[in-house]
Each structure stands twice: as structure tokens, then as C-alpha cells.
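Residue-level structural notes
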Amino acid sequence: GMSVPQSCFGYPLSIFFIVVNEFCERFSYYGMRALLILYFRLFIGWNDNLSTAIYHTFVALCYLTPILGALIADSWLGKFKTIVSLSIVYTIGQVVMAVSSINDLTDFDHNGTPNSMSVHVALSMIGLALIALGTGGIKPCVSAFGGDQFEEGQEKQRNRFFSIFYLAINAGSLLSTIITPMLRVQQCGIHSTQACYPLAFGVPAALMAVSLIVFVMGSRMYKKLKPQGNVMAKVVKCIGFAIKNRFRHRSKKFPKREHWLDWAKEKYDERLICQIKMVTRVMFLYIPLPMFWALFDQQGSRWTLQATTMNGQIGLLKIQPDQMQTVNAILIVIMVPIMDAVVYPLIAKCGLNFTSLRKMTVGMFLASMAFVAAAIVQVEIDKTLPVFPKGNEVQVKVLNIGNNSMSVSFPGTTVTLDQMSQTHEFLTFDVNKLTSINISSAGSPATPVTYNFEQGHRHTLLVWGPSHYRVVKDGLNQKPEKGENGVRFVNTFDESFNVTMDGKVYIDVTSHNASAYQFFPSGAKSFIVHSPEISPQCKNNFTSSSLEFGSAFTYVITRKEDSCPDLKIFEDISPNTINMALQIPQYFLITCGEVVFSVTGLEFSYSQAPSNMKSVLQAGWLLTVAVGNIIVLIVAGAGQFSEQWAEYVLFAGLLLAVCIIFAIMARFYTYINPAEVEAQFDMDEKKKYLGKDSLYPKLDTDVQTQM
């Protein structure tokens, strides 16, 4: 029998299960996604580009599978069974993913690295495919299933539900992006300990199982609508027939029809045609929307890279660049209730009719302004960035690690350096014009420097005597990634030594040579120099200067008079000076944009769709996200901008143009109440049906007009 819907605060009790389910599912998804790129880089060992490409492909796939989910729900299993069965697939996917990251699975010789990486790769790809099918497949069903729980006349509660639903999504993603990275850095393993991916992937898997259990627990209370037959196929066939039929009758002698879909009347009933008209009118409005997502999804990529060139010391907090994304989730959790409880009621009080489509237009405008803000910040950052060699330029600096003062002459300039000092700036030369470099010192003949300089790179010329020099290629032709700091060591001893700094080892730094750079997060680091030349009485442990963000240093280990080691620090790349707090305005703008755009879009799609096509429209909505992601890949790939701010301005301009087009399209959209339209059809059918049985058949209206 039909269970009576229980209610709580005027909401159906069943939606609490749906919201908790969504929270756990999103926690599971975003927790897994936060690790994914690091897992590809560090565990499987792919490079940045391949990792990023696979990551984006996975995300796009998660937004393409909703079409499949909507199909299954509408034509075969119904929303409830679809959510349950695909959640099972999803949970299996998460478990497979966790298993794929168990090092000891194929580490037969227990040396800490897997013996057959291909097993891990295969398992993780199977896991990701199952996850994409699961998360995508249930996406259009869960929100629409939640909407189904409301009765007629509960529009206000239903709209509030979409806001609560969106809040659950973001609370889940916020907590998981904070928690799963903490789990990853735990150490675990049977035979060899290392970063704990199985635990970090295992927690999302467990939460997915919880999500499934919670959802099934509410089963008795749900209002479950029957699947309506294969709606998608019907829609496609009907549209196809209308177009074909219109094309057949394209000569003047056939009367025009009011709407192009009316050409399907010969074969399809009026109700279906009317429903498809509703859907196509909304779908038409969707055409401009991917542009919004194209900007929105750059928070994870471009904006995070921007943060790596900034200083993360905000007051007492030290923020790492990839933590800035959580600002979006935090702001959403604050903004959604404020919008619902304060902003919208205020606008209504002012007598403004702030319709769904107007909200969405404002959302696009705000996102566009966010990119203008990002461009302004970028211009400020660019002023502070060091100049690196471009094209066929090379840069050289001289570092004197000897005991006498030295002169070095380059084409067109000569520098003189006291002992233990370096040139203030890098000198920039055209590689073809860098013909002669000579080192000289008082009372010694000049020594020419022979070295094949590599264009586009920085080099350090180490000198320690009139005829003693070495050229080192720096290997840093950009700011260190992820806001970390590069440190390299220069050895002035006669034998090679090792240095251990904050858990990283510089092995065999040879005499009068520089090590490669290694990278460290902000803060002061302690390090130890291991060398047989250091007598036991000397102290061999030091503390670095307090590292900030995005800097690079050369640490020269020298000898004092008592032949104990001493430390001299030289700056190669100055730390970032622009504060990360300057990104907050752009995050604030894009979050406000998202709240008015995304929540509204979900409820608009639901409210304008006929009952049997809710999932179709939800899938269409998610498809705009997928297309947005693809736009980013295309624009980033095609437009190789020399200036990052120019790319931001381009995106802002594109969205602004799209926003204006959308506003014009929205002007011509008339809102409908699908339930009323359906009711009208039901009435008409009833009349026809009664008409057949009655003894006095009512005269057909057409007949009356003719009389």
C-alpha cells in the first residue's frame, strides 16, 4: 500500500535520508578526487601532463554518464532502484581503487616498490570507470528523486530543499578535502611503510557504503514514482519525425504550423508533443551555460597555479596553495543560508521580481567579474615575478666561493666580486653573443671560460681561484611549484659530503660544486652536514632561514678559521610577496555567482519539466558541466597566451558576452507550471471519455462554431 508521507518541519521526513546520502556520496567522491592527481604522480609515477589529462578525462566522464543514469531510471528501473544499484557499483569501484593502491599487493620482494605496476594501473582504471558510472549515473536521479518527495503546493519547501541539497554537496566536499589529505600522510604498510593511500581511499569507500545504507534505510518512506517507459528514446524519435516531416512538406502549398514540433502531430499524441516543447524550450536556454562552468572549474587548475606564485602567510595562518580551493566550499556553506534567509527576501521586499533566469544571469555576471579580479591580481603578481630567460637568451650569475676578490668580464660588462659574494642580479645574454668570458684576479693571467650554455636556462658560474671555475646549470627557469622553496648546497671542502635536510638527502655533493635543488614547504628547516672532514668537536647541524613561498636559495658550506663548517646563504629567486588573501575577492565573487546560478539552475530545471522528464533535464544540466570542462581543455590548449592575465580577461569577456545573450534569451522565456498543463490534458481526456458514454453526445466545439 501507499505509505502516508511523514513530515518534519513541514518537510517530508524522507528527504533527510536523501540529504545525508548526498553528503556521504560527495564526501566519498571529492575525498577520492583530492588524492587522485597525487596518486597518479607519486604512486603510479606518471608525469604532470599525463596525470592532469587522465584526471580531467575522468571528471568529464563523471558528467557524461548522467545521460545513462537518466535513461536507466526513466525507462527501466525507476529512480529508487537506479540509485541503489548504481551505488553498489560505485562502492565496488571505490573498494577496487583502494585495493589498487596497496603497495604490498605486488611488492613480492618487500623492497617498498611494486613489482608489477601494470596491475595497479589496471585496477585503478577499472575502479575509476566504475566510480564514473556510479557517481554520474546517480547524479540526475538523486536531486530529482528528492524533488519528487514534495506534494503540490510545496514549491517553497522544494526550492529550500534544493538549497539544503547543495549545502550537503559542499559540506561533504569541504570536509573530505580537509580530511583525506591528512589520511594520506599517515604511514602504513605490512613489509615497508609509506604514504597511506589504501587508508585515504578506504575512508571514501566506507562512506560510500554508509551512503548506500542510509538511503536504503529510508526506503519505506519514499514516494516512488513508476518509471515512465523509455522517455529519452521517445523524445529523440518524436523530434526526429517532426524534422523529417517538416522537411518533406517544405513547399509553399502546405500551411505553416505554429511550432516546428507540431509537425509530429501525424504520429505522436498531443501530450507528448507538449511535454517535449517544454523540454526543448529549457534545453535551448542551456546552450550558453557551459561557458559558466568553463570559468568555474578553473579554480582547481589555473587559480591554484596562481596561488603558487603568492605568499600564503595570512595573519597567523600559513596556507598552502592547494588549500585555497577550500575557500570556495567554506564560502558556500556560509552563503547559501544567507542568500535564502536574507538576500532573496530583501530583494522581494523591494518589490523586485527576481526570477530564476534573472538569478542565473546575475550569477554569470558575477563569475565574469571574478575573472576580472583574478586578472588584476595576476597583473600585480607579474610585477613582482623575476625575469627568466626567454627564447635564445641565457642568464648567468657569478658566485665567488674563494678567498680572494675576482673580476669576471662578459661581452660589454665586467663584474668584480669580493670573497663569498655573488652578482646582485642574473645577467641576461643572447646565447649567440656570449662569445667570451674571462676570469682574472690581481697578479694572475686571465682564464677564459669554456662552456656550452643552454638557451632558455639560468646558470651559475662558481669561481674560487684565478683558474678555478665551474659552470652549473640551475635547472630552475620558473618559480618553484606548489609555492615550495628550492634549496641547493655548494661544497667548498676538498672531499664530497652528504646533507640531510628535513628528511630529504643530498647525496655526494662533490668538491667545489653545487647540488641539484630539492623543494620544501614554508617554515624553518634543520639540516645536518655529514663529512669526514668535520672534526667531532665541531657542530654539524644547522637551521635554515625561515622559508616563505616560491623562493630559491644557494646554501654555501664553508670553513671558519677553526676549520669548523659555516653557512653562507645566497638568494637565487626572491620569495613571493603578493598575499594569497588577495585571491579572496575572486573566490567570493565566483561563489556568489555559483550560489545564484547553480542552486537556481537545479530548481529551475526541476520546476519547468514535465513529471516524466525530470531526470532528462537534470542530465541535460549536468551535460553543460561536462561541455564546460571540455571548453577549458580546448581554450587552454589552443590559446597559448604569453601573459596569464590576458587569458583571464579573455574568459571574462567570453562569459560576459554569453551572459548578455542569455539575458536576451531569458526575456523571451515564459514560465509554465507543468502540473497545470498535465492537469488540463487529464481534464480533456476525461471529457472525451465521458463524451463517448453519454446518451446526448456533446456537440464538438468545432461543429458549434460552424453552426
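Residues numbered from 1 in each chain as written. Predicted model: local features only at pLDDT ≥ 70, side-chain atom pairs only at ≥ 80, totals over all residues. Heavy atoms only, no water.

As recorded in an unreviewed UniProt entry, the protein goes by the name Solute carrier family 15 member 1, listed as coming from Sus scrofa. The UniProt entry for the protein carries this comment under Subunit (unreviewed entry): "Interacts (via extracellular domain region) with trypsin." Word for word, the UniProt comment on the protein under Sequence similarities (unreviewed entry) is "Belongs to the major facilitator superfamily. Proton-dependent oligopeptide transporter (POT/PTR) (TC 2.A.17) family." (UniProt positions renumbered as here; feature names shortened; annotations may be inferred.)

Section: the overall build of the protein
What the protein contains, in helices and strands, is 17 helices and 24 strands. A principal-axis box enclosing the C-alpha atoms of the protein has dimensions of 130 × 60 × 50 Å. Summarising the internal contacts of the protein: among those between residues at least 6 apart in sequence, 72% fall at separations of at least 24. For the protein, the accessible area works out to roughly 33400 Å², and carbon and sulfur atoms hold 62% of it. Charged side chains in the protein number 57 positive and 52 negative. The centres of these two groups are separated by 11 Å. (Helix = DSSP H or I, 4+ residues; strand = E, 2+ residues; numbered from the N terminus. Contact = heavy atoms within 4.5 Å. Areas by Shrake-Rupley, 256 points an atom, 1.4 Å probe, with all protein chains shown as cover. Lys, Arg positive; Asp, Glu negative; His and termini not counted. Charge placed at Lys NZ, Arg CZ, Asp CG, Glu CD.)

Observations regarding the pairing of strand E18 (residues 504-509)
Of the pairings in the sheet, the one linking strand E17 (residues 497-501) to E18 comprises four bridges and is antiparallel in character. Note that in E18 the partner of Phe497 across the bridge is Val509. Linking two consecutive strands that pair antiparallel, namely E17 and E18, is a turn of two residues; a positive phi of about 50° is found at Asp502 within it. (Pairing = 2+ DSSP bridges.)

Concerning the packing of helix H7 (residues 231-248) against helix H8 (residues 270-286)
Helix-helix packing is described using two parameters, namely the angle between the two axes and the distance between the axes. Remark: H7 packs on H8, axes separated minimally by 11 Å, with the N-to-C direction vectors making an angle of 95°. What the angle tells us is that H7 and H8 run roughly perpendicular. Each of Lys234, Val235, Cys238 and Ile239 in H7 lies in contact with H8, whose residues at this interface are Leu272, Ile273, Ile276 and Thr280. (Axes fitted to C-alpha atoms, helices over the stretch in contact; angles between N-to-C directions. Parallel < 35°, antiparallel > 145°, perpendicular 65-115°, else oblique.)

Here we look at the sheet that holds E18
Within the open sheet, the four strands sit side by side as E18-E17-E21-E22. Their pairing is antiparallel. Looking along the sheet, the strands with just one partner apiece sit at the ends: E18 and strand E22 (541-543). Geometrically, the sheet is characterised by an average inter-axis angle of 20° between neighbouring strands, direction not taken into account.

Brief notes about the state of the cysteines
Taken as a whole and assessed by the stated rule, the structure comprises one disulfide. The side chain of Cys538 participates in a disulfide bridge whose partner is Cys564; the two sulfur atoms lie 1.9 Å from each other. Handedness here is read from the sign of the S-S torsion; for Cys538 and Cys564, about -75°, the answer is left-handed. Within this pair, whereas Cys538 is found in the loop between strand E21 (526-530) and E22, its partner Cys564 is found in the loop between strand E23 (552-559) and strand E24 (565-573), the two being separated by 26 residues in sequence. Exposure remark for Cys538: the relative accessible area of 10% places this residue in the buried category. (Disulfide = S-S within 2.5 Å. Buried < 20%, exposed > 50% of the residue type's maximum accessible area, 1.4 Å probe, protein only.)

Focus: a nonpolar patch on the surface
A cluster of nonpolar side chains, namely Val95, Val99, Ile102, Leu105 and Val119, defines an oily patch on the protein surface of about 310 Å² accessible area. Judged by its relative accessible area of 42%, Val95 is partly exposed. (Patch = residues over 30% accessible without salt bridge, like charges linked within 9 Å, V, L, I, M, F, W, Y side chains within 5 Å. Salt bridge = Lys/Arg side-chain N within 4 Å of Asp/Glu carboxyl O.)

Observations regarding the layout of surface pockets
Approximately 640 Å³ is the volume found for the second largest pocket. Contributing to the lining of the second largest pocket are 28 residues, with Glu152, Glu155, Arg158, Tyr606 and Lys614 lying nearest its centre. With four residues, the single largest contributor to the lining of the second largest pocket is helix H13 (residues 584-607). (1 Å grid on protein atoms, 1.4 Å probe; cavity = no way out; pocket = protein on both sides within 12 Å on 5 of 7 lines; lining within 4 Å. Points joined across faces, edges and corners; volume = space filled by probe spheres on them.)

Describing helix H15 (residues 644-667)
With 24 residues, H15 ought to run about 34 Å at 1.5 Å a step, and its terminal C-alpha atoms sit 35 Å apart, in line with that. Buried residues of H15: Glu647, Tyr648, Phe651, Ala652, Leu655, Val658, Cys659, Phe662, Met665 and Ala666, and no others. (Expected span 1.5 Å × (residues − 1).)

Some details on the packing of aromatic side chains
Pairs of aromatic rings are described using the distance from one ring centre to the other and the angle between the two planes. One pass over the full model with this rule turns up 46 aromatic pairs. Ring geometry for Phe371 against Tyr648: centres 5.7 Å apart, planes inclined by 75°, an arrangement best described as edge-to-face. Here the residue Phe371 occupies a position in helix H12 (residues 356-384), and Tyr648 occupies one in helix H15, the gap between them amounting to 277 residues. Grouping residues by exposure puts Phe371 and Tyr648 together as buried. Positioned over the ring face of Tyr29 is Lys139, at 5.4 Å from the centre of the ring. When the ring centre of Tyr669 is taken as reference, the NZ or CZ atom of Arg281 above it lies at 4.7 Å. (Phe/Tyr/Trp six-rings, centres within 6.5 Å; stacked < 30°, edge-to-face > 60°. Lys NZ or Arg CZ within 6 Å of the ring centre and 35° of its normal.)

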